[in-house]
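Next come the chains, spelled out residue by residue.
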Amino acid sequence: MRQPLVMGNWKLNGTKASVEALVKALIEPAAKAEGVEVAVCPPVIFLGLVEKLAEGSRIQYGAQNADVHTSGAFTGENSPVMLKEFGCKYALVGHSERRTLHAETDAVVAAKYEAIQAADLVPVLCIGETLAQFEAGTTNQVVEEQLKAVIDRCGIASFAKAVVAYEPVWAIGTGKTATPEIAQAVHAHIRGYLAGFDADVAAKVQILYGGSVTGASAANLFGQPDIDGGLVGGASLKPDDFAQIIAGAKQ
Ligand code: PEP
């Protein structure tokens, strides 16, 4: 019922030449992965280039961040409305690197999520626990709090037009992937928590797994009943690996 989605987060990487090579290399794997949605999130400065290169292909794209404002005196920011004009479908919000390095609180994340939806973009709400929280056994509580901040501000119905990405912070960029069993248990908990507000919305929302996904680990992770694809950092910069990850979502 839920379509798998594989999304690459390129973070602060790329040149005009490497972006061109990467998008061109993804056109065929995306075309072959019928039934799988494929998206990339380049640095915002490359969005115009990706817009041109991806035209007519199955590759969709989004931004890694968006400001809460539409326009005004906010030097250095990009508004969701601007991202929409460049053909973005998605915008990540609440990525752990934004939460940690840019001090984005749950309240800021919820406000950005609202602004992203207001511009008719799909927010990809990133949630997940730190290593200390994982070791303390508080993962479920942490993800509930992160979800609750958005539910309180935007309502559960907003999740009908959103994607959730569960990304344990200890697995991001570390080479440590949560086992399919651990990831599935948290995904099931997230879906169950959302179902407590609205069972239909919970059953339909795509919940992606993120955290050192590779071509080798993708199929087992994506084969879990509540894992609807992945948000992929490092491996999304390697065309062969990313193609294997996309193929792993086609079950
Ligand atoms: C990410 O940045 O969202 C991510 C999951 O990174 P990586 O795949 O490199 O762990």
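In this text, all values refer to a predicted model and were calculated from it rather than measured experimentally.

**Q** What exactly am I supposed to notice about the overall build of the protein chain here?
**A** Within the protein chain, the secondary structure is distributed over 11 helices and 8 strands. The C-alpha radius of gyration computed for the protein chain amounts to 17 Å, which stays within 12% of the reference 18 Å derived for 251 residues, consistent with globular compactness. A principal-axis box enclosing the C-alpha atoms of the protein chain has dimensions of 45 × 45 × 35 Å. Within the protein chain, the fraction of its 251 residues that count as buried is 46%. Long-range pairs, those at least 24 residues apart, make up 72% of the contacts in the protein chain with a sequence separation of at least 6.

**Q** How do you make sense of the packing of helix H5 (residues 106-118) against helix H7 (residues 139-154) when you look at a structure like this?
**A** To describe two helices that pack against each other, one gives the angle between their axes and the distance between the axes. Contact geometry of H5 with H7 gives a least axis separation of 9 Å together with a crossing angle of 50 degrees. Classified by the angle between their axes, H5 and H7 sit oblique to one another. Note on packing geometry: the crossing formed by H5 with H7 is right-handed. Facing Asp 106, Ala 107, Val 109, Ala 110, Ala 111, Tyr 113, Glu 114 and Gln 117 of H5, the residues of H7 in contact are Glu 145, Gln 146, Ala 149, Val 150, Arg 153 and Cys 154. By residue class, the composition of the contact of H5 with H7 is 8 nonpolar, 2 polar and 4 charged.

**Q** Which parts of the structure should I look at to understand the nonpolar core?
**A** The tendency in soluble globular proteins is for nonpolar side chains to be buried as a group. Among the nonpolar cores identified, the biggest contains 77 residues, and Ala 91, Val 124, Leu 125, Val 164 and Ile 246 are the most heavily contacted of them. Residues within four places of Ala 91 in sequence aside, it is in contact with Gly 62, Ala 63, Ala 66, Pro 80, Leu 83, Ile 116, Leu 121 and Pro 123.

**Q** Help me understand the site of the ligand in this model?
**A** Near the ligand you find 13 residues, and of these Ile 172, Gly 210, Ser 212, Gly 233 and Gly 234 are the closest. Looking at the shell around the ligand, its residues break down into 5 nonpolar, 7 polar and 1 charged.

**Q** Help me understand the environment of Ala 115 in this model?
**A** Along the chain, the position of Ala 115 falls in helix H5. Residue Ala 115 is classed as buried on the basis of its 21 C-beta neighbours within 10 Å. Distance in space between the C-alpha atoms of Ala 115 and Thr 70 is 8.0 Å, their sequence separation being 45 residues. Contacts of Ala 115, omitting those with residues within four sequence positions, involve Ala 66, Val 68 and Pro 80.

**Q** What is the right way to look at the sheet that holds strand S6 (residues 163-166) in this model?
**A** Remark on secondary structure: sheet strands pair via backbone hydrogen bonds, oriented parallel or antiparallel. Sheet architecture is closed into a barrel: 8 strands sit in the order S1-S2-S3-S4-S5-S6-S7-S8, paired in parallel fashion. Within the sheet, the average angular offset between the axes of one strand and its neighbour, ignoring direction, is 25 degrees. The pairing of strand S5 (residues 122-127) with S6 spans 4 bridges and is classified as parallel. When the bridges of S6 are listed, Leu 125 appears paired with Val 164. Here helix H8 (residues 180-195) sits on the sheet and contacts S6 and strand S7 (206-210); the angle it forms with S7, its principal contact strand, is near 150 degrees.

**Q** For this particular structure, what's the right way to read helix H1 (residues 16-32)?
**A** Side chains that are three or four residues apart share a direction in an α-helix, a result of its 3.6 residues per turn. An ideal rise of 1.5 Å per residue puts 24 Å on 17 residues; H1 measures up with 25 Å between its terminal C-alpha atoms. Along H1, the sharpest change in direction is near 30 degrees and occurs at Leu 26; proline Pro 29 comes one to four residues later. Those residues of H1 that are buried are in contact with strand S2 (37-41), helix H2 (47-54), strand S3 (59-63) and helix H11 (239-248).

**Q** Sorry, what's going on with the confidence of the model for the protein chain here?
**A** The predicted coordinates should not be examined in detail at positions where pLDDT is low. Of the residues in the protein chain, 100% have a pLDDT of 70 or more, and the chain-wide mean is 97. In the predicted complex, the global pTM is 0.98; the interface-specific ipTM is 0.97.

**Q** Whenever I open this one, the environment of Tyr 193 confuses me. Can you help?
**A** Position of Tyr 193 relative to the elements: it lies in helix H8. On the neighbour-count criterion, Tyr 193 (16 C-beta atoms within 10 Å) is partly exposed. Sequence spacing of Tyr 193 and Leu 237 is 44 residues, and the spatial spacing of their C-alpha atoms is 33 Å. Contacts of Tyr 193, omitting those with residues within four sequence positions, involve Glu 144 and Leu 147.

**Q** Is there a simple way to think about H2 in this case?
**A** Along H2, the residues that are buried comprise Leu 47, Val 50, Leu 53 and Ala 54. Buried positions in H2, seen along its axis, are confined to an arc of 125 degrees and lie on one side of it. For H2, exposure combined with an orientation more than 90 degrees from the buried face picks out Gly 48 and Lys 52. Taken together, the buried residues of H2 touch H1, S2 and S3. At the exit of H2 stands Gly 56, carrying a positive phi of roughly 80 degrees.

Rules and cut-offs
- Residues numbered from 1 in each chain as written.
- Predicted model: local features only at pLDDT ≥ 70, side-chain atom pairs only at ≥ 80, totals over all residues.
- Helix = DSSP H or I, 4+ residues; strand = E, 2+ residues; numbered from the N terminus.
- Rg over C-alpha atoms; globule rule 2.2 N^0.38 Å.
- Buried ≥ 20, exposed ≤ 12 C-beta atoms within 10 Å, placed from the backbone.
- Contact = placed C-beta atoms within 7 Å.
- Axes fitted to C-alpha atoms, helices over the stretch in contact; angles between N-to-C directions.
- Parallel < 35°, antiparallel > 145°, perpendicular 65-115°, else oblique.
- Left-handed = near helix turned anticlockwise from the far one by under 90°.
- Nonpolar A, V, L, I, M, F, W, Y, C, P; charged D, E, K, R; others polar.
- Core = buried A, V, L, I, M, F, W, Y, C linked by C-beta atoms within 7 Å.
- Near = placed C-beta within 6 Å.
- Pairing = 2+ DSSP bridges.
- Expected span 1.5 Å × (residues − 1).
- Bend = angle between axes of the 7 residues up to and from the residue.
- pLDDT = per-residue confidence, 0-100.
- Arc of directions from axis to C-beta.

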